[in-house]
Amino acid sequence: MSPRRLVVVAVIAALVSLLLAASYEYATHAPSPHGISVEVVGEASRVDAVSRHLASAAPGSFTVERVPDASVATSRVADNRADAALILPASGADRIVVAGAMGPTLERTIVSSLSSALPDTGVEPVVTDVAALSRNDEAGLSSFVFELGLLVPSVLGSVGLYLVGVRARLWWRVAGAALYAALAALLDVLLLDVGFGALTGAPFELFGIGFAGGLTFVLVVAAFQASLGLPGTGLAALIFLFVGNAASGGTTPSAMLPNVYRQMSEWLPNSAVVRATRAAVYFDGHGTGQPLVVLALWAGVAMAILIANDRLHLSERRRSPDDHLLIHATPGVVHLARRRRRNRPGQEPETPTIKRTATPERNGALS
């Protein structure tokens, strides 16, 4: 073994460590609110005063909308359509309405900012939490744990599915992905609902979200692998583990992420699982639509790539029917490169030359 190779591996591993630390530190090092929606009920002059104070003290942090009725403002927070509400009655204590399920950090930021925007009357505003976290999820991290429990095994399991089924048609790997997603979702729901009592009240919805999330993760990894081979796993890991988790909103609320990550968060599967989980458990399902659309889009694109690779394999099998196992084991980009060379004018017909590796003969039955 060459010592030079050991040095190369060590340097690459160190750079991966640096990239991972940089991604998470970028997401968490200086959280600040952006575009937090606040429904305000009260006299126009008081609402304007609050709006001006927030705009001056924290530009861009809050968007204030005046609504005519306290029950409407409160219901919008409870339905996950607004981040907070501020009730300014003609008499009595002012009231701040929050949804603790969005995370303790965001709740503290909202309460502190809105309290500072009120005139100092010596009476503290009353804080009402209309979507309080479970006593077994006081840190608000269980939705992130649920997503993480789906993601990491998805990436690792995809490597196993690839190695076992590399010489089979892609649909065997897709079937394995579906089986994994169903089992992982079931076990994670049982653990976090029945076992720890952290995510309760919506077991069937959680199973559906977990199945959709786990399947999306595995299908995307499989699409990269089908197109690029095993190195495609690294690209998927870069998207999901390095960037996706940091920007998921699980540890730092999405509204408090820095630029780029905040804009990306809404369209990443990691964030979709976290947001859909919170919506199902704490908001009676309100707000699950957009996250599920995101998961469907990622899964749909991955399936389209897998279908394209499978059609490419079938085309190559018609040309070389005796090499079907090797054809399935070859990444799509390699097939396309060879096809391009074959189609060049004056190019001699090329016989596929694919390095043969020891693979269990049982895979031959999966073709």
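Numbering of residues starts from 1 in every chain and runs along the sequence as written. Per-residue local features of the predicted model are confined to residues with pLDDT of at least 70, and side-chain atom pairs are confined, for both listing and counting, to 80 or more; whole-chain, interface and lining totals are unaffected and use all residues. The basis for every side-chain value is the complete set of heavy atoms in the structure, and neither hydrogens nor water enter the calculation.

This part takes up the packing of aromatic side chains. Within 6.5 Å between ring centres, the rings of Phe, Tyr and Trp (the latter by its six-membered ring) count as paired, and their orientation is classed by plane angle as stacked under 30 degrees, edge-to-face over 60, tilted in between. Tallying each qualifying case throughout the model produces 4 aromatic pairs. Ring centres of Phe240 and Trp298 lie 5.8 Å apart, and the angle between their planes is 50°; on these two criteria the pair is classed as tilted. Taken together, the residues Phe240 in helix H8 (residues 232-244) and Trp298 in helix H11 (residues 289-319) connect sequence positions 58 residues apart. On the basis of relative accessible area, Trp298 is assigned to the partly exposed category, the value being 24%. Each member of the aromatic cluster is reached from another via a ring pair, and the members are Phe217, Phe240 and Trp298. Helix and strand assignments follow DSSP, with helices taken as H or I runs no shorter than four residues and strands as E runs no shorter than two, numbered in order from the N terminus. Each residue gets one of three labels from its accessible area relative to the maximum for its type: buried under 20%, exposed over 50%, partly exposed in between, using a 1.4 Å probe on protein chains only.

Further remarks concern the pattern of salt bridges. Criterion for a salt bridge: a side-chain nitrogen of Lys or Arg within 4 Å of a carboxyl oxygen of Asp or Glu. All told, the structure shown has 6 salt bridges when counted by the stated rule. When the shortest N-O distance is used, the salt bridge between Asp94 and Arg46 registers 3.2 Å. Taken together, the residues Asp94 in the loop between strand S3 (84-87) and strand S4 (95-98) and Arg46 in helix H2 (residues 44-57) connect sequence positions 48 residues apart. Residue Asp94 is classed as buried on the basis of its relative accessible area, which comes to 14%. For Glu316, the salt bridge goes to Arg339, with nearest N and O atoms at 3.1 Å. Here Glu316 is found in helix H11, whereas its partner Arg339 is found in helix H13 (residues 332-342), with 23 residues between them in sequence. Residue Glu316 is classed as buried on the basis of its relative accessible area of 4%.

Under the convention used throughout, the expected extent of a helix is 1.5 Å for every residue step, that is, one less than its residue count. When the terminal C-alpha atoms of helix H5 (residues 142-165) are compared, their 34 Å separation across 24 residues agrees well with the 34 Å that a helix rising 1.5 Å per residue should span. Inspection of H5 places Ser142, Ser143, Phe144, Phe146, Glu147, Leu150, Leu151, Ser154, Val155, Ser158, Tyr162 and Gly165 among the buried residues, and these make up the whole buried set. Here, two residues are considered to be in contact whenever any of their heavy atoms come within 4.5 Å of each other. Looking at the packing, one finds that the buried side of H5 touches helix H6 (170-195), helix H7 (203-228), H8 and helix H10 (269-282).

Moving on, we come to the sheet that holds strand S5 (residues 126-129). Whether two strands pair comes down to DSSP finding at least two bridges between them. Strand order in the open sheet formed by 5 strands is S2-S1-S3-S4-S5, with mixed pairing between adjacent strands. Across the chains shown, the open sheet's two edge strands, defined by having one partner strand only, are strand S2 (62-66) and S5. Within this sheet the neighbouring strands show an average axis-to-axis angle of 20°, counted without direction. Under this scheme, a helix contributes an axis fitted over its contacting stretch, all axes are lines through C-alpha atoms, and angles between N-to-C directions fall in the 0 to 180 degree range. Contacts between helix H4 (residues 104-116) and the sheet are confined to strand S1 (36-41), S2, S3, S4 and S5, with S4 contributing the most and set at about 160° to the helix.

With that settled, consider the side chain of Ser23. Among the structural elements, Ser23 can be located in helix H1 (residues 3-28). Once residues lying within four places of it in the same chain are set aside, the contact partners of Ser23 are Phe242, Val243, Ala246 and Tyr261.

Glancing now at unusual backbone geometry. Even without glycine at this site, Asn80 takes up a positive phi of about 70°. Topologically, Asn80 is positioned in the loop between helix H3 (70-78) and S3. Phi is positive for Val260, close to 80°, though the residue is something other than glycine. With respect to the secondary-structure elements, Val260 resides in the loop between H8 and helix H9 (261-265). For Val260, a relative accessible area of 48% puts it in the partly exposed group.

Turning next to H6. Between its first and last C-alpha atoms H6 spans 36 Å; for 26 residues at 1.5 Å apiece the expected length is 38 Å, and the two agree. Once H6 finishes, Gly197 follows within two positions and takes phi at roughly 65°, a positive value.

Among the nonpolar cores identified, the biggest contains 51 residues, and Phe146, Leu219, Val273 and Leu306 are the most heavily contacted of them. Elements with a contribution of two residues or more to this core: H3, S3, H5, H6, H7, H8, H10 and H11. Here the element with the most residues in this core is H7; it accounts for 11 residues. The residues contacting Leu306, other than those within four sequence positions of it, are Leu170, Trp171, Val174, Leu219, Ala222, Ala223 and Ala226. Nonpolar core, defined: a set of buried Ala, Val, Leu, Ile, Met, Phe, Trp, Tyr and Cys residues in which side-chain atoms within 4.5 Å join the residues together.

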